[in-house]
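Tertiary structure, described
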Amino acid sequence: MAKTKTIYVCSECGYETPRWLGKCPDCGSWNTLVEQEAAPASRLDEKKMKRAPGSDAAAVRVQDIPDENVERRSSGIGELDRVLGGGVVDGSLVLVGGDPGIGKSTLLTQLCANMAADGACVLYVSGEESARQIKMRARRIGASGSGFYVLSENDMNTVERRMQELSPSVMVVDSIQTMYRPEMASAPGSVSQVRESASMLMRLAKTSGCSVFLVGHVTKEGAIAGPRILEHMVDAVLYFEGDRQHQYRLLRAVKNRFGSVNELGMFEMSDRGMMEVENASEALLSERAHDASGSVVMCAMEGSRPLLTDVQALVSTTVFGNPRRMASGVDQGRLALLLAVLEKRVGLRLYDQDVYINIAGGMSLTEPAADLALCAAIASSHRNRPISGNWAVMGEVGLAGEVRAISQAERRVLECARLGFDHIVVPKFNLRNLRAPEGVELLGAETVVDMIVGLGLHRKG
Ligand code: TYD
Ligand code: MG
């Protein structure tokens, strides 16, 4: 009898090696190599493939390929449609990741319920919960419609058979880590099982035209558990962000073959499922403390969506030797840089001050356009001088204290104006091709000092 060969596979990245190693040479993680039976068939195929010339596909001109319109249907959830690029694409494979308890199952149950109410046939496969538990959730969100089928199963072969029987137009698999193919030796959740189950689902999606949503667990670092190849295989990867304590849950596309990435969907968990937050800017500013020092509004862009956020800073004298700098929602390194600019170019004495930064609503600001608002908030808190309620500030700050142009300035200004911010500081460079909306005054800043003077922050409060 032939000896079964084993290989070692990294459970983080899928790297394969014939010997056990403590550290994966590919992704550098420790203790992640697990022993698995090597699949002899694929080796043979590989050899064969090297000899055979392969399939005979001909190259075609781009202009000769007929245009194909992707068929989309609405999920009945506007925010989800937006993140998907305008609706659910037929035959697409979408991976949804996020922390436990963030609401992945709830959102996808809502999607199923909406589409079933529209007359579609949907199948919700759960490897984690019983049909009863799914029913409980479905009742909570008020699901109706006769085309909503539920299957509590881990075995991919059964899933395939049920799918062929029902031929649903939408299927949810919750979660991909609990699915397994019994003909393979490794346990559910292992690299090879996840990869094989996902590729089987991809084949099913592409051949039947059914849109498949996969729920993916995340590791403690926040990446989707299992092989990286999972993210390469699927058409779109959506991440649910925001922790359970925060009111808002943000759904982001990090990969999308049918639309733009960086689109953002905003939700709020209620007792009847996930509610869409349509007027996000208003929601984020609703609890804003008016006329408190150290707080200023800026307009961030999340994809094509302008979002007004409240940037807050607290500057207070250091009690023990080393000043503390804490940033939540902005990069710590960026904060250090801006503090150095304020110290050197504006002359604010910050070396003996603790500085705390917070972005309201648990949002995070990664774009440079937030720089100027951070500087304004810090200066305002340091001077103990509030920035009056109708100012908004945005711009990128360079090391010389210069204010650099920002992208999509017009949309940002319009959003500020819509919510009643009629005094807006923008980079001077942007003023060239910006028209102020009616009743709005634009202040062009060339340097951080211009902004400080414009807001009246150069005098002590
Ligand atoms: P769930 O969708 O199961 O999260 P995930 O699949 O991402 O792990 O549920 C999220 C949490 O939300 C859960 O603790 C229960 C709660 N919840 C509500 O507050 N309201 C609701 O209507 C539902 C269905 C769940
Ligand atoms: Mg779940």
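Summarised in this report is the structure supplied together with it.

Analysis parameters
Residues numbered from 1 in each chain as written. Chains lettered and ligands numbered in written order. Predicted model: local features only at pLDDT ≥ 70, side-chain atom pairs only at ≥ 80, totals over all residues. Heavy atoms only, no water. Helix = DSSP H or I, 4+ residues; strand = E, 2+ residues; numbered from the N terminus. Buried < 20%, exposed > 50% of the residue type's maximum accessible area, 1.4 Å probe, protein only. Contact = heavy atoms within 4.5 Å. Areas by Shrake-Rupley, 256 points an atom, 1.4 Å probe, with all protein chains shown as cover. Lys, Arg positive; Asp, Glu negative; His and termini not counted. Charge placed at Lys NZ, Arg CZ, Asp CG, Glu CD. Expected span 1.5 Å × (residues − 1). Salt bridge = Lys/Arg side-chain N within 4 Å of Asp/Glu carboxyl O. Core = buried A, V, L, I, M, F, W, Y, C linked by side-chain atoms within 4.5 Å. Domains from an automatic or database assignment. Axes fitted to C-alpha atoms, helices over the stretch in contact; angles between N-to-C directions. Parallel < 35°, antiparallel > 145°, perpendicular 65-115°, else oblique. Left-handed = near helix turned anticlockwise from the far one by under 90°. Pairing = 2+ DSSP bridges. Near = heavy atom within 4 Å. Polar contact = N/O pair within 3.5 Å; in protein donor to acceptor, adjacent residues only side chain to side chain.

The number of helices and strands found in the chain is 13 helices and 23 strands. Along the first, second and third principal axes, the C-alpha set of the chain runs to 85 × 55 × 50 Å. In the chain, buried positions account for 48% of the 461 residues. Partitioning the contacts of the chain with sequence separation of at least 6, the portion at a separation of at least 24 is 66%. Here the chain displays about 23,100 Å² of accessible surface, and carbon together with sulfur accounts for 49% of that area. Charge separation in the chain, taken as the distance between the mean sites of 52 positive and 56 negative side-chain charges, equals 4 Å.

Another aspect to go through is helix H3 (residues 104-117). Helix length check: H3 (14 residues) gives 20 Å between terminal C-alpha atoms against 20 Å at 1.5 Å per residue, within 8%. The buried fraction of H3 is high, at twelve of 14 residues. Taken as a whole, H3 has its buried residues at Lys104, Ser105, Thr106, Leu107, Leu108, Thr109, Gln110, Leu111, Cys112, Ala113, Met115 and Ala116. After H3 finishes, the residue Gly119 shows a positive phi value of roughly 100°.

Take the pattern of salt bridges next. Counted under the stated rule, the structure contains 18 salt bridges. Here Asp352 and Arg349 are joined by a salt bridge, their closest N and O atoms 2.4 Å apart. The exposure class assigned to Asp352 is buried, which follows from its relative accessible area of 19%. A salt bridge links Glu402 to Arg404, with the shortest nitrogen-to-oxygen separation between them at 2.9 Å.

Counting residues in each nonpolar core, the largest one holds 67 residues, and the members touching the most others are Ile357, Ile378 and Met451. With eight residues, helix H10 (residues 371-383) is the single largest residue contributor to this core. When residues of this core are sorted by domain, at least three fall in each of domain 2 (71-278) and domain 3 (283-454). The residues contacting Ile357, other than those within four sequence positions of it, are Gln312, Ala313, Met326, Ala327, Ser328, Val330, Leu335, Leu374 and Ile378. Ile77, Ile102, Cys112 and Ala138 belong to the second largest nonpolar core, which has 33 residues in total.

Another aspect to go through is the packing of helix H9 (residues 332-346) against H10. Here H9 crosses H10 at 60°, and the two axes come no closer than 10 Å. Comparing their axes, H10 and H9 come out oblique. Judged by the twist between their axes, the crossing of H9 over H10 is right-handed. In this structure, H9 contributes Arg334, Leu335, Leu338, Leu339 and Leu342 to the contact, and H10 contributes Asp371, Leu374, Cys375 and Ile378.

The strand order across the open sheet formed by nine strands is S8-S7-S9-S10-S6-S11-S12-S13-S14, and the pairing between neighbours is mixed. Strand pairing shows two members of the sheet lacking a second neighbour, strand S8 (148-152) and strand S14 (273-276), which therefore form its edges. Adjacent strand axes in the sheet meet at a mean angle of 25° when their direction is disregarded. In this sheet, S14 lies alongside strand S13 (residues 264-270) in antiparallel orientation, the contact comprising four bridges. Bridge pairing in S14 places Met269 opposite Met274. Its contacts with the sheet place helix H4 (residues 131-140) against strand S7 (122-126) and S8, and it is angled at close to 145° to S8. Sheet strands touched by helix H6 (residues 191-208): strand S6 (93-98), strand S9 (170-174) and strand S10 (211-216). Its angle to S6, the strand with the most contacts, is close to 140°.

What follows is about the environment of Ile102. Following the sequence through the fold, Ile102 ends up in the loop between S6 and H3. You can call Ile102 buried: its relative accessible area is 2%. Separated by 260 residues in sequence, Ile102 and Gly362 have C-alpha atoms that sit 14 Å apart. Every residue in contact with Ile102, bar those within four places of it in the chain, is listed here: Phe240, Glu241, Gly242, Arg249, Met269 and Met274.

Here we come to the site of ligand 1. The full set close to ligand 1 counts 15 residues, and Gly101, Ser105, Thr106, Ser270 and Gly273 are the nearest of them. Within the side chain of Thr106, one N or O atom sits 2.5 Å away from an oxygen atom of ligand 1. One of the backbone N or O atoms of Ser270 is found 2.7 Å from a nitrogen atom in ligand 1. For the shell around ligand 1, the elements supplying multiple residues, two or more each, are H3, H4 and S13. Ranked by residues supplied to the shell around ligand 1, first place goes to H3 with three residues.

Here the focus is the side chain of Glu160. Note on placement: Glu160 falls in helix H5 (residues 156-166). A residue is classified by how much of its surface remains accessible, and Glu160, at 18% relative accessible area, is buried. In this structure Glu160 touches Met200, Arg203 and Leu204, once residues within four positions along its chain are discounted.

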